[in-house]
Amino acid sequence: MSASADKDGDKSYQHSPSASNYSRPSTAGTAASSIVNPFSPPASIISFSVDPVSNASMPVLAAGQHESLEPVPRHGATVLPRSTSYYGSRPNTGDSPIRVTSGIRLRETFAAPPARPLTAVSTSVSLAPSKTTRMRSTMLEDPSTLDKPWVTTKDPYARIAYLLTYSVAFLGIAASAVRCYVGYKSVPMITGNLCMVLDEDFSSDTDTTFGANGNWFREVQLGGFGNGEFEMTTSSSNNSYTSNGYLYITPTLTSNMIGSDAVLNGYTYNLTDCTYNSTNPVANSGSSNTTDFNAAAYYQACGAVSNSTTGTIINPIQSARITTRNSASIRYGRVEVVAKVPRGDWLWPAIWMLPVNNTYGPWPMSGEIDIMEARGNARTYPDQGIDYVRGSLNWGPLSFLNAVSKTFGWWTQRRTDYGEGFHTYTLEWTESFLRIYVDTRLHYMLELSFNEPFFTRGDFPSVVENGTQPIVLQNPWINGTNATPFDQPFYLILNLAVGGTNGWFPDNAGNKPWLDNSKTAMRDFAAQQDEWYPTWGSDGESNSLVV
């Protein structure tokens, strides 16, 4: 063996083949330097180099050698093509050292390991599923010998069970269909033709809407309208006006007009445009009400004096109440009002109807239809806040005996409230039924069939007491129909009240700042202005009834 160095310093090695006829070479008596390493490459390969592109080892042949030369095979082994190592020749074997640049070694460090080369005892991995014959268990019996009595003999009860199951299912479906049909047919509907009485879109300006030829009449009073309300209703455009096709009824503070001190003490306030005379049913032509004119009620309705000693104050809120008393009324038909409820503590919006004439006597003997009433208090209010709307009928044989508890209902919003947007409040009214609902008939607040007289429906006692005086109860509707007192013309009212002492806002609920039976209820309410007024908002719209 001789060694030589080229000009680049690379060494090459030459070996003399000493194998004989495919037999394993003998090493006995041979010097160590002449022993042929069986793992060394054949003598025809004088050098290994690394392909700089593919990192594969490339053998370099000696001069005169051809690539077709085959190495001498080992005895008893099949010669397979020798695959060069992905990483080059084996390092430090002493027989074939190579020179690999540092860049190639660095790339080899992060390279994936090469595929395992094929050998005489290895085969390529097959991805095809193995097709092996599953051995049959000797513990299983022959299926042809198994006893299956249910195949040869039918269970008579099984057929009955199937028939009963399908029969009950069919009967359930049929009963459901019949129930739906009967329920659909039982819903009372207005079957006759309807004639338009009033179609108001509030497209006119404020003066036209409330003028002499307008559809709406402003009622101006400060007597509380029988409910002990804390607002005075005015004819001011600050409290009722139209804008961009909407009607706004907005409450304002009286102190903004006359000052806080005047509201509480030493001031006399008179409503020069008070409408008590024209709105009192006794003054209406054709009225059958025999109640005499009440002078004390007139002065109470048209003026007030603040006195800190007696605890009386000027109504702290100014609002509005508008009606169609002089323009439109209906006896049976349909009423639709699209409105948004105001937001704020102790606000009491209402869309309702009163009779043109008190045909059967003073309120509630002649009836009252409440299409929508609500409270502006937040959803957390314990007695139905702004997420509830209510419909009801007020009626009774005496002024202090109201059977509204037998004819009322409500609907609620579970995830929002009625101050978030507009809703349609509807009354459907015939001689045989009355229905009040919001947005759809499925959301009805009250549905009442006139299938019995109201005096019977009320189940009133024969004798009642007014203080200590017993009163034999008389039926004021004895000559009427089952719809009486709701069988006469009614007109529409839109108003926004504030507070009151009639029980609409129950005592001790929601931090109510006054008591209904207190003589200073209105003053107690005004004293807590810093608590409730911030809930009304400051934009002038959120606390308004918008129609």
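Fair warning: this is a prediction, and the values are worked out from it, not measured in the lab. (Residues numbered from 1 in each chain as written. Predicted model: local features only at pLDDT ≥ 70, side-chain atom pairs only at ≥ 80, totals over all residues. Heavy atoms only, no water.)

Peer 1: Describe the overall build of the chain, and please don't skip the residues or the numbers.
Peer 2: Scanning the chain from terminus to terminus reveals 11 helices and 25 strands. For the chain, the residues scored as buried account for 37% of the 547 residues in total. Pairs at least 24 apart in sequence give 69% of the contacts found in the chain among residues at least 6 apart. With an accessible surface of roughly 33,200 Å², the chain has 53% of that area assigned to carbon and sulfur atoms. (Helix = DSSP H or I, 4+ residues; strand = E, 2+ residues; numbered from the N terminus. Buried < 20%, exposed > 50% of the residue type's maximum accessible area, 1.4 Å probe, protein only. Contact = heavy atoms within 4.5 Å. Areas by Shrake-Rupley, 256 points an atom, 1.4 Å probe, with all protein chains shown as cover.)

Peer 1: Lay out the pairing of strand β7 (residues 240-243) in plain terms, naming residues and giving numbers.
Peer 2: A one-sided burial pattern is seen for β7, the buried positions being Ser 240 and Thr 242 and the unburied ones Tyr 241 and Ser 243. Pairing geometry for β7 and strand β8 (residues 246-249), over four bridges, is antiparallel. Paired with Tyr 241 across the strands is Tyr 248, a residue of β8. The antiparallel hairpin formed by β7 and β8 contains two residues in its connecting segment, where Asn 244 sits at a positive phi of about 55°. (Pairing = 2+ DSSP bridges.)

Peer 1: Help me get a handle on the sheet that holds strand β9 (residues 252-253), residues and values and all.
Peer 2: If you trace the three strands from one edge of the open sheet to the other, you get β6-β12-β9, paired in mixed fashion. Each of the sheet's edge strands pairs with one partner strand only, and the pair in question is β6 (231-233) and β9. Note: β9 against strand β12 (residues 317-319), two bridges, orientation antiparallel. Each residue of the ladder has a partner; that of Leu 253, found in β12, is Ile 317.

Peer 1: Summarise the nonpolar core; cite the residues concerned and give the values.
Peer 2: In this structure, Ile 369, Ile 371, Tyr 425 and Trp 429 are the most contacted members of the largest nonpolar core, which totals 70 residues. With six residues, the top contributor of residues to this core is strand β24 (residues 490-498). With residues near it in sequence (within four places) discarded, Ile 369 still touches Trp 352, Met 353, Ser 392, Leu 393, Leu 427, Trp 429, Leu 434, Ile 436, Phe 486 and Phe 490. The next biggest cluster of nonpolar side chains, apart from the first, holds 11 residues, and it includes Cys 274, Tyr 276, Ala 301 and Ala 304. (Core = buried A, V, L, I, M, F, W, Y, C linked by side-chain atoms within 4.5 Å.)

Peer 1: Break down the side chain of Asn 394 for me, with residues and values.
Peer 2: Mapped onto the elements, Asn 394 comes out in strand β17 (residues 388-394). Relative accessible area serves as the criterion here: at 7%, Asn 394 is assigned to the buried category. Within the local environment of Asn 394, its side chain forms a polar contact with the side chain of Asn 402, the two groups lying 2.8 Å apart. Other than its neighbours up to four places away in sequence, Asn 394 contacts Trp 363, Pro 364, Gly 367, Glu 368, Asp 370, Asn 402, Val 404 and Phe 486. (Polar contact = N/O pair within 3.5 Å; in protein donor to acceptor, adjacent residues only side chain to side chain.)

Peer 1: Which residues make up the packing of aromatic side chains, and what are the values?
Peer 2: One pass over the structure, following the stated rule, counts 27 aromatic pairs. When the centroid spacing of 5.4 Å and the interplanar angle of 75° are considered together, the rings of Tyr 332 and Trp 429 count as edge-to-face. Taken together, the positions of Tyr 332 in the loop between β13 (321-323) and β14 (333-339) and Trp 429 in strand β19 (residues 423-429) put the pair 97 residues apart, joining distant regions of the chain. Geometrically, the ring pair formed by Trp 514 and Phe 525 is edge-to-face, given 5.7 Å between the ring centres and 90° between the ring planes. Of this pair, Trp 514 sits in the loop between β24 and α10 (521-527) while Phe 525 sits in helix α10; the two residues are 11 residues apart in sequence, bridging distant segments of the chain. Here the two residues Trp 514 and Phe 525 agree in accessibility, since each one is buried. Cluster of aromatic residues (ring-pair linked, three or more members): Tyr 332, Trp 395, Trp 429, Phe 450, Phe 454, Phe 455, Phe 460, Trp 477, Phe 486 and Phe 490. (Phe/Tyr/Trp six-rings, centres within 6.5 Å; stacked < 30°, edge-to-face > 60°.)

Peer 1: Any details on the pattern of salt bridges? Residues and values, ideally.
Peer 2: Note that side chains of opposite charge can pair when their charged atoms are close. Counted by the stated rule, this structure contains 13 salt bridges. Look at the salt bridges and you will find they share partners, linking Arg 334, Glu 336, Glu 428, Arg 435, Arg 441 and Glu 447 into a network. (Salt bridge = Lys/Arg side-chain N within 4 Å of Asp/Glu carboxyl O.)

Peer 1: How would you summarise the sheet that holds β17 if you had to cite specific residues and measurements?
Peer 2: Strand order in this open sheet of seven strands is β5-β13-β24-β15-β16-β17-β18, and the pairing throughout is antiparallel. Strands at the two margins of the open sheet, each flanked by one partner only, are β5 (217-218) and β18 (408-412).

Peer 1: Tell me about unusual backbone geometry, residues and numbers included.
Peer 2: In most cases, non-glycine residues show a negative phi, while peptide bonds are predominantly trans. Across the junction of Trp 363 and Pro 364, the peptide omega takes the value 5°, indicating a cis bond. With an omega dihedral of 15°, the bond running from Thr 484 to Pro 485 counts as a cis peptide bond. Within the chain, Asp 459 stands out as a residue other than glycine whose phi angle is a positive 50°. Residue placement: Asp 459 occurs in the loop between α9 (454-458) and β22 (463-466). Using a relative accessible area of 64% as the deciding quantity, one classes Asp 459 as exposed.

Peer 1: Pulling in residues and values, what's your account of the side chain of Thr 233?
Peer 2: Mapped onto the elements of the fold, Thr 233 is located in strand β6. Apart from residues no more than four positions distant in its own chain, Thr 233 is found in contact with Glu 219, Val 220, Gln 221, Phe 225, Ser 319, Ala 320 and Arg 321.

Peer 1: Any details on helix α3 (residues 156-186)? Residues and values, ideally.
Peer 2: Here α3 spans 45 Å end to end across 31 residues, near enough to the 45 Å set by a 1.5 Å rise per residue. The element α3 is barely covered by neighbouring structure, given that only zero of its 31 residues are classed as buried. (Expected span 1.5 Å × (residues − 1).)

Peer 1: If you had to explain the environment of Gly 223 to someone new, which residues and values would you point to?
Peer 2: Note that Gly 223 resides in the loop between β5 and β6. Separated by 78 residues in sequence, Gly 223 and Ala 301 place their C-alpha atoms 3.9 Å apart. In contact with Gly 223, not counting residues within four places along its chain, are Gln 300 and Ala 301.

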